[in-house]
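Each chain, letter by letter, is given below.
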Amino acid sequence: MRILIIDDEVEILTLFKDFMEVFGHKVEIAIDGQSGLEKFKNTNFDLVIMDYRMYGRDGIQVSKDIWGIDKDAKILFVSADSSIKEKTIGMGAVGFLLKPFDLEDIINSVKKYV
Amino acid sequence: MKILVVDDNETDLYMLETLLKGNGYHVITATNGVEALEKARQEKPDMIISDILMPKMDGFQLCRELKKDEELKDIPVLFYSATYTNEGSRKLALGIGAVDYIIKPMEPDEFIKIVKKVLDEYGKGELKPTEKPLEEKVYMKLYNERLIQKLEKKMLDLEKSEKYIRHLNGVLRAIGSVNQLIVRENDRDVLLQKACDILIEARGYSATWLGFLKDNKNFATVAGSGLREDISRFYDHVMRGDHPPCIKKALAQKDLVMVVDKTKECRDCFFKNAYPRKETVIIRIENGDKLFGLLAISLASDVAVDSEEKGLLKEVANDIALALHNIELEEKRKQAEEALRESERKFRNLIESVPLGVSISTSRGNVSDVNPAIWKIFGYDSKEEFVEVSGEDYCYNPKDRERFVELHKKGVVKGFETRFKRKDGTVFWGSVTSTTRTTESGATEFINVFEDITNRKRLEQQREKSKKEAEFYADVLGHDVGNLDQITMGYLYLLQIAKDEETRKKNINGIKRSIMKSKRLAESIKTLKIIKDTKIEKFDLNESIERSIKNIKEYSDKEIEVKLDIDKHYYVKANDFLDKVFFNILENSVEFIFQDKVIIDIKTEEKNDFCNVHIHDNGIGISKEKREDILENLETLSKRTGMGFYLTKKILERFNGKFEIKDVKKGTEIVVSIPVINGGSARNVHAQRSHKRNEQEGRR
């Protein structure tokens, strides 16, 4: 499975990447929306895991751009703010994970949504 | 039949002539005895009717001359008089040959009857003198007696009428004086007493009292003149509302003037002694429907109250009433004026003392009046100086002024906020509220109220800033803490499933970093709170850089190589918090480098009393978009900036320093500028040494 993770926290990116690669996924990371979008244009991803709140452009803005490129793109939002769950699902996200979560939740989500 | 009528009173003469002609007689007239004698000789009348008292020749003498004339002696003479009314006169008249003696006035029918009878008898020749003609001596005696009696009566009549005229003159004088008094006296009580005095002094009346009412039946004040001690007892009664019958009656009645018979109506009159006559005259002093009071007078004992007197009294009463009415109007006018002045005074005081600026301007924008606060607010030295200045000069923003003028045209402007210029050119925030009013001349005026709202604006800005800060904290903390929680959870999970020691150690280090980060986040918040109150001191920049490098190496498990190019030893105007600036920048570099080896170049240079510290890394760099985001939002402060940059900015601001994110091809370059104390001297050996040590440590 090809997965793109967009999060402005480097430690999270590396953590998720290392962990998911153990499960055989091919993972790319991006530190902000702009570089994430660049990567999305160049590669076909089965799933985009994206932080909702990032410095710079937030997850909503970036997800609109992604759907602008591929309207069927699957996006899984992660956030510490539970109030935006409905909003992201409403927009078309496949799922929402509330931070903090166990790492295995993210593997389960990948199994579930893809 | 021809009748000669003799009378010096033309009215009487005319009346008799008309009466007789009306009854078919031919009438000849004469106005005195001499004329009558002549006409009698010419006309030979059938009868002569004569008055007695006449000039030139009276009736008695005329009769005597007629009887001496042979041709005229038989003509019957009839006397008709109002003057000689006693028996002596009648006797004399008949004694000298008159046929009858009629006393004026007499009913016309009766008179004609007598005339007819005399003429009938004369025609028949039956008319004979009733008495023997008097002898000359007797006649003269009787005649002289009549004359004296006549004079006495005349004298008495004259005396009486002179006295009456004197009295009326006195009353008229009194009225004149009261009139003058009314014109000049504005005090009710003084008017009252003086009017009483005048009425007495002018000798018109023997005693008088005058009372003014406060309502329909109670007196406010009473004064009298010519009443001696009786007034005090009267005063006591009247002032407590215990009115004598005459006052009760006068208050209740409609007629202006009332004559009271004291013997019948008020036996216990207070003024029995002071009022010599039994009548008292009470006059209501009223104007329109309003009864102001009562005026009572008593006349001298020998002068009667007649209609003329009543008329004069009414005049006095009307004048006094009018004066009272005018005093009342004057008092009301004075009260109104005083109230107006008072309110003007209060208004003026208010305007003068309020901290708000007030100006009054015409519809053309010319300022007509201002209060002291306004020119003080605008920093001018006087009202005159301020009034000279045009609106363009003290409005900072011409567009705001245009907008204000537009609003002004529509009428009321409430709390219009704009910036103004003081005399010295400094700018302040002010609020204007403006309202229009129409002046007495019909022109439109604007009343403008200015308020210096600099403080309020500052508070508003502070509040806005605090609000943004609060939002920032909520956002940033929500974001950063959320991430830290996730990292901790992630490492914990990995720790649980770790199979070898090395993996376990790595995960434990991750958890440690998270905890460190949390701790530093808390420290950052604390720093933001206290930084503006920290003391600036002479601070060793070189050592601060060294400590920061050491700390970042301890913190990160990445391999870090720092290349130092320090040109000299710097002492800067800063404090311990400068370490955090360098640590934050270094941490940022370390975190955003995905390579295993982190290379950071640090270079110093002095420029315009500032030391510029260039920190350049070999990381992924900050995208143009993100850099712009950070720089744009650094001023207004938001989650787009992030805690690290915001804290860096705040600390450097405290030192009057700043930082810049340079647009470089590879990696990120941040330049920190801090004011230096000394320019340093020799190239710093210490920094070179630490450079080497860092390199060694970095390798380790």
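Above this note sits the structure.
The present account deals with the structure reproduced in this document. (Residues numbered from 1 in each chain as written. Chains lettered and ligands numbered in written order. Predicted model: local features only at pLDDT ≥ 70, side-chain atom pairs only at ≥ 80, totals over all residues. Heavy atoms only, no water.)

### Details of the sheet that holds strand S3 (residues 47-50) of chain B
Residue and element names in this part refer to chain B.
- With respect to topology, 5 strands assemble into an open sheet ordered S2-S1-S3-S4-S5, the strand pairing being parallel. Looking at which strands have only one partner, the edges of the open sheet turn out to be strand S2 (26-30) and strand S5 (100-103). Here the average twist between neighbouring strands, direction ignored, is 20 degrees.
- In the sheet, strand S4 (residues 77-81) pairs with S5 via 4 bridges, with the strands oriented parallel. Residue pairing across strands places Tyr80 opposite Ile102, the latter belonging to S5.
- Sitting on the sheet, helix H1 (residues 10-22) is in contact with strand S1 (2-6), S2, S3 and S4, with an inclination near 165 degrees to S2.
- Taken strand by strand, helix H4 (residues 87-95) contacts S4 and S5, and its axis lies near 145 degrees from that of S5. (Pairing = 2+ DSSP bridges. Helix = DSSP H or I, 4+ residues; strand = E, 2+ residues; numbered from the N terminus. Axes fitted to C-alpha atoms, helices over the stretch in contact; angles between N-to-C directions. Contact = heavy atoms within 4.5 Å.)

### Some details on the packing of helix H1 (residues 10-22) of chain A against helix H5 (residues 103-113) of chain A
Residue and element names in this part refer to chain A.
- With their axes 10 Å apart at the nearest point, H1 and H5 run at an angle of 60 degrees to one another. In terms of axis orientation, H1 runs oblique to H5. The chirality of how H1 crosses H5 is right-handed. Contacts from Phe16, Phe19 and Met20 of H1 reach H5 at Leu103, Glu104, Ile106, Ile107 and Val110.
- Looking at the contact of H1 with H5 residue by residue, the classes come out as 7 nonpolar, no polar and 1 charged. (Parallel < 35°, antiparallel > 145°, perpendicular 65-115°, else oblique. Left-handed = near helix turned anticlockwise from the far one by under 90°. Nonpolar A, V, L, I, M, F, W, Y, C, P; charged D, E, K, R; others polar.)

### With respect to the interface of chain B and chain A
- Taken together, the contacts link 34 residues of chain B with 28 residues of chain A.
- In total, about 2700 Å² of surface goes out of reach between chain B and chain A, with carbon and sulfur atoms giving 58% of it.
- Between Asp18(A) and Lys506(B) there is a salt bridge, with the nearest N and O atoms lying 4.0 Å from each other.
- Elements represented by at least two residues in the side of chain B that touches chain A include exactly helix H16 (454-497), helix H17 (501-530) and helix H20 (624-636) of chain B.
- Residue contributions to the side of chain B that touches chain A peak at 17 residues, all from H16(B).
- Looking at the side of chain B that touches chain A residue by residue, the classes come out as 12 nonpolar, 10 polar and 12 charged. (Buried area = accessible area lost by both parts, 1.4 Å probe. Salt bridge = Lys/Arg side-chain N within 4 Å of Asp/Glu carboxyl O.)

### Looking at the sheet that holds strand S13 (residues 413-421) of chain B
All names here are of chain B.
- Strand order in the open sheet formed by 5 strands is S12-S11-S15-S14-S13, with antiparallel pairing between adjacent strands. Taken across any chain shown, the strands that pair with only one partner, and hence form the sheet edges, are strand S12 (367-370) and S13. Between one strand and the next, the sheet's axes are offset by a mean angle of 30 degrees, whatever the strand orientation.
- Judged from the 3 bridges that link them, strand S11 (residues 357-362) and S12 form a sheet pairing that is antiparallel. Note that in S12 the partner of Ser361 across the bridge is Val367.
- Across the face of the sheet, helix H15 (residues 398-410) comes into contact with S13, strand S14 (427-438) and strand S15 (444-452) while running at roughly 155 degrees to S13.

### Side note on the packing of helix H3 (residues 59-68) of chain B against helix H6 (residues 136-184) of chain B
Residues and elements named next belong to chain B.
- Where H3 contacts H6, the two axes come as close as 11 Å, and the packing angle between them is 160 degrees. Taken as axis vectors, H3 and H6 run roughly antiparallel relative to one another. Every pair of crossing elements has a handedness; the one defined by H3 and H6 is right-handed. Residues Phe60, Gln61 and Arg64 of H3 pack against Glu136, Tyr139, Tyr143 and Arg146 of H6.
- Residues of the contact of H3 with H6, tallied by class, amount to 3 nonpolar, 1 polar and 3 charged.

### Topic: the nonpolar core
Residues and elements named next belong to chain B.
- Within the largest apolar cluster, 49 residues are counted, with the highest numbers of intra-cluster contacts made by Leu541, Leu578, Ile602, Val672 and Ile674.
- It is helix H19 (residues 578-591) that provides the largest number of residues to this core, a total of 7 residues.
- Leave out the neighbours within four places in its chain, and Ile602 touches Ile545, Ile549, Val562, Lys563, Leu564, Asp565, Ile566, Leu586, Val613, His614 and Ile615.
- Membership of the second largest hydrophobic core comes to 35 residues, among which are Ile200, Leu210, Leu295 and Leu313. (Core = buried A, V, L, I, M, F, W, Y, C linked by side-chain atoms within 4.5 Å. Buried < 20%, exposed > 50% of the residue type's maximum accessible area, 1.4 Å probe, protein only.)

### Overview of the side chain of Thr43(A)
- Examined against the element boundaries, Thr43(A) turns out to sit in the loop between helix H2 (33-42) and strand S3 (47-51).
- With relative accessibility at 19%, the residue Thr43(A) sits in the buried group.

### Observations regarding unusual backbone geometry
- Residue Lys99(A) is joined to Pro100(A) through a cis peptide bond whose omega torsion reads -10 degrees.
- Relative to the helices and strands, Pro100(A) resides in the loop between strand S5 (95-98) and H5.
- A positive phi angle is found at Lys44(B), which is not glycine, with a value near 50 degrees.
- Relative to the helices and strands, Lys44(B) is located in the loop between helix H2 (33-43) and S3.
- Relative accessible area serves as the criterion here: at 39%, Lys44(B) is assigned to the partly exposed category.
- For Asn608(B), which is not glycine, the phi dihedral falls at a positive 50 degrees.
- In this structure, Asn608(B) sits in the loop between strand S19 (597-607) and strand S20 (610-617).
- For Asn608(B), a relative accessible area of 68% gives the class exposed.

### Observations regarding the packing of aromatic side chains
- Counted under the stated rule, the structure contains 23 aromatic pairs over all chains.
- Here Phe19(A) and Phe23(A) contribute two aromatic rings whose centre-to-centre distance is 5.1 Å and whose plane-to-plane angle is 65 degrees, an arrangement assigned as edge-to-face.
- According to the relative accessible area criterion, Phe23(A) is partly exposed, its value standing at 43%.
- Centroid distance Phe378(B) to Phe420(B): 5.5 Å. Interplanar angle 75 degrees. Geometry classified as edge-to-face. (Phe/Tyr/Trp six-rings, centres within 6.5 Å; stacked < 30°, edge-to-face > 60°.)

Keep in mind these values describe shape, not function.
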